[in-house]
Amino acid sequence: MDARVQMTEAVKWMWSLGDYERIAQRLMPYAEQLAELLGIVPGMRVLDVAAGNGNFAIAAARRGAIVTASDLTPHMVELGVARSAADGLDIAWCEADAEQLPFDADQFDLVASLFGAMFAPRPERVASELFRVAKPGGLVAMANYAEAGFLGEFSRLLYRYGPASPSRYESPFLWGDAEVVHRRFAGLAARVNVEPRTLSFEFGSAEDALETWEATNGPLIAIVSMSTPETVAALRREASQLIMSIGTTVERGIRLDSRYAQVVAHKPGPRT
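What counts and how
- Each chain carries its own residue numbering, running from 1 in the written order of its sequence.
- Confidence filtering applies because this is a predicted model: local features only for residues at pLDDT of at least 70, side-chain atom pairs given and counted only at 80 or more, and all residues used for totals across whole chains, interfaces and linings.
- As a rule here, side-chain values cover all heavy atoms of the structure and leave hydrogens and water aside.
- Think of each axis as a best-fit line through the C-alpha atoms, taken over the contacting stretch in the case of a helix, with angles from 0 to 180 degrees between the N-to-C directions.
- To qualify as a helix, a DSSP run of H or I must reach at least 4 residues; to qualify as a strand, a run of E must reach at least 2; elements of each kind are numbered from the N terminus.
- For classification purposes, an angle smaller than 35 degrees is called roughly parallel, one larger than 145 roughly antiparallel, one from 65 to 115 roughly perpendicular, and anything else oblique.
- With the far helix as reference, a near helix turned anticlockwise by less than a right angle produces a left-handed crossing, and one turned clockwise produces a right-handed crossing.
- In what follows, a contact means two residues having at least one pair of non-hydrogen atoms within 4.5 Å.
- The nonpolar class holds Ala, Val, Leu, Ile, Met, Phe, Trp, Tyr, Cys and Pro. Asp, Glu, Lys and Arg form the charged class, and all remaining residues, Gly among them, are polar.
- Two strands form a pair only when DSSP identifies at least two bridges running between them.
- For the handedness criterion, the strands are oriented away from the viewer, and a crossover whose path from the first strand over the helix to the second runs clockwise is classed as right-handed.
- The salt bridge definition used is simple: a Lys or Arg side-chain nitrogen within 4 Å of an Asp or Glu carboxyl oxygen.
- Any residue under 20% of the maximum accessible area for its type is buried, any over 50% is exposed, and the rest in between are partly exposed; the area is computed with a 1.4 Å probe on protein chains only.
- Polar contact is the term for a pair of N or O atoms within 3.5 Å; when the atoms are in protein, one must be able to donate a hydrogen and the other to accept it, and sequence-neighboring residues count only if both atoms are side-chain atoms.
- We define the nonpolar core as a collection of buried residues of types Ala, Val, Leu, Ile, Met, Phe, Trp, Tyr and Cys that are connected through side-chain atoms lying within 4.5 Å of one another.
- To be clear, the arc concerns the directions from the helix axis to the C-beta atoms.
- Stacked, edge-to-face and tilted labels apply to pairs of Phe, Tyr and Trp rings (six-membered ring for Trp) whose centres lie within 6.5 Å, assigned for plane angles under 30 degrees, over 60, and everything in between, in that order.

## Describing the packing of helix α6 (residues 150–161) against helix α10 (residues 229–246)
- Look at α6 against α10: their axes get within 11 Å of each other, and the N-to-C directions meet at 165°. For the element pair α6 / α10, the angle class is roughly antiparallel. Crossing hand, α6 versus α10: right-handed. Packed against α6, whose contacting residues are Phe150, Glu153, Phe154, Leu157, Leu158, Arg160 and Tyr161, the element α10 presents Thr231, Ala234, Leu235, Glu238, Ala239, Leu242, Ile243 and Ile246 at the interface.
- Looking at side-chain class alone, the contact of α6 with α10 contains 11 nonpolar, one polar and three charged residues.

Structure follows, in structure tokens:
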């Protein structure tokens, strides 16, 4: 098995761990915000890339769009199929790699990814694929975590405790940097707008926050499964300290803020 295939299988395994639906519920408002901003209307053909269990796909389908949702991880696709059916929404689901989408060129009015495609290891391929499958004059939209705030700090903490990764791969959180997005979309987009935003998660306490991440975060769960009890204890101490130091006290507990980039780009074509 070559290194690329091995890495892909590891990613599928990692993102199948934990109760992802709990964290997806907290991210749903941001999917609704993006769908509203993009002006999705009935009949629009929409592709949700690295869809997780379908937050953006569902937000688009509720607005009458013809939606296809894809994810690299079979477990996410299973969750998305079940969720779509429970909501009575006709969404076409498939397994797909954001770096090699199984769709013809110029197919979709809108191609979007909410905190998903940013994690693919080769960003230049992701950018190329998102624009390839969008129709001329269509939209490419993303919401990408940035390095500032809790999630960026938490990712750096996990990186220190996790297995060594190939140094040639850039941090996925660079997708949250406007300058980086403009560089990656250069030659692909007629115009690009990147707006810095903040997402917030509230918890009853720091302990509640840590328990949530331990139950839902695939990378954390994977690291814990491969580590000694002493290493896990040290990781938990540092994670708790991070939550306490970066969190904001609110009336009902603690709030963790993270910066992200809202990206809306137009593919060259007659409708630009």
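## Let's talk about the pairing of strand β5 (residues 134–149)
- Both strand β4 (residues 108–114) and β5 contribute to a ladder of six bridges, which runs parallel. Within the sheet, the bridge partner assigned to Ser113 lies in β5 and is Met142.
- What joins β4 to β5 is helix α5 (residues 123–133), and the crossover it makes is right-handed.
- Across eight bridges, β5 lies against strand β8 (residues 253–266) in antiparallel orientation. Bridging across to β8, Asn144 finds its partner in Ala261.

## Quick look at the pattern of salt bridges
- With the rule as written, the count across this model stands at 16 salt bridges.
- Two residues, Glu195 and Arg197, come together in a salt bridge whose shortest N-O distance is 3.2 Å.
- Note on Glu195: relative accessible area 31%, which makes it partly exposed.
- Its salt-bridge partner being Arg255, residue Asp257 comes within 2.8 Å of it at the nearest N-O pair.
- For Asp257, a relative accessible area of 24% puts it in the partly exposed group.
- If you follow the salt bridges from partner to partner, you end up with Glu32, Glu36, Arg62, Arg63 and Asp87 in one network.

## Looking at the side chain of Ser258
- Note on placement: Ser258 falls in strand β8.
- With a relative accessible area of 3%, Ser258 lands in the buried category.
- Of the polar contacts made by the side chain of Ser258, one reaches the backbone nitrogen of Leu151; its length is 3.0 Å.
- Once you skip the residues sitting within four places of it in the chain, Ser258 turns out to touch Ala148, Gly149, Phe150, Leu151, Arg197, Thr198 and Leu199.

## Remarks on the environment of Ala143
- With respect to the element layout, Ala143 can be found in strand β5.
- Considering only alpha carbons, one finds Ala143 and Val224, 81 residues apart in sequence, at a separation of 28 Å.

## So, the environment of Ala234
- As for its placement among the helices and strands, Ala234 is situated in helix α10.
- Residue classification places Ala234 among the buried residues on the basis of a relative accessible area of 18%.
- Residues Ala234 and Lys135 lie 99 residues apart in sequence; the distance between their C-alpha atoms is 49 Å.

## Quick look at the nonpolar core
- Counting residues in hydrophobic clusters, the biggest one holds 90 residues, and the most contacted among them are Phe56, Leu110, Phe185 and Trp213.
- No other element matches helix α2 (residues 20–37), which puts nine residues into this core.
- Those residues in contact with Leu110 that sit more than four places away from it in its chain are Leu38, Ile40, Met44, Arg45, Val46, Leu47, Phe56, Leu139 and Ala141.

## Structural notes on unusual backbone geometry
- Backbone geometry places Ala50, a non-glycine residue, at a positive phi of 50°.
- For Ala50, the position within the fold is in the loop between β1 (45–48) and α3 (55–62).
- Judged by its relative accessible area of 18%, Ala50 is buried.
- Positive phi values are uncommon outside glycine, yet Phe115 reaches one of about 55°.
- Judged by relative accessible area, Phe115 falls into the buried class, the value being 8%.

## Quick look at helix α8 (residues 206–216)
- Among the residues of α8, Ala206, Ala209, Leu210, Thr212, Trp213 and Thr216 are the ones counted as buried. Taken around the axis of α8, the buried residues stretch over an arc of 155°, which confines them to a single face.
- Turning to α8, the residues buried within the fold contact α2, α6, β6 (191–203), α9 (218–226), α10 and β8.

## Thoughts on the packing of aromatic side chains
- Overall, the coordinates contain 15 aromatic pairs when judged by the stated rule.
- For the ring pair Phe119 and Phe173, a centre distance of 6.3 Å and an interplane angle of 85° mean the geometry is edge-to-face. With a gap of 54 residues between them, Phe119 in the loop between β4 and α5 and Phe173 in the loop between α6 and α7 (178–185) connect regions that are remote in the sequence.
- Under the relative-accessibility criterion, Phe119 is labelled partly exposed at 32%.
- Under the relative-accessibility criterion, Phe173 is labelled buried at 7%.
- Taken together, the ring pairs connect Trp15, Tyr30, Phe115, Phe119, Tyr145, Phe173 and Tyr260 into an aromatic cluster.

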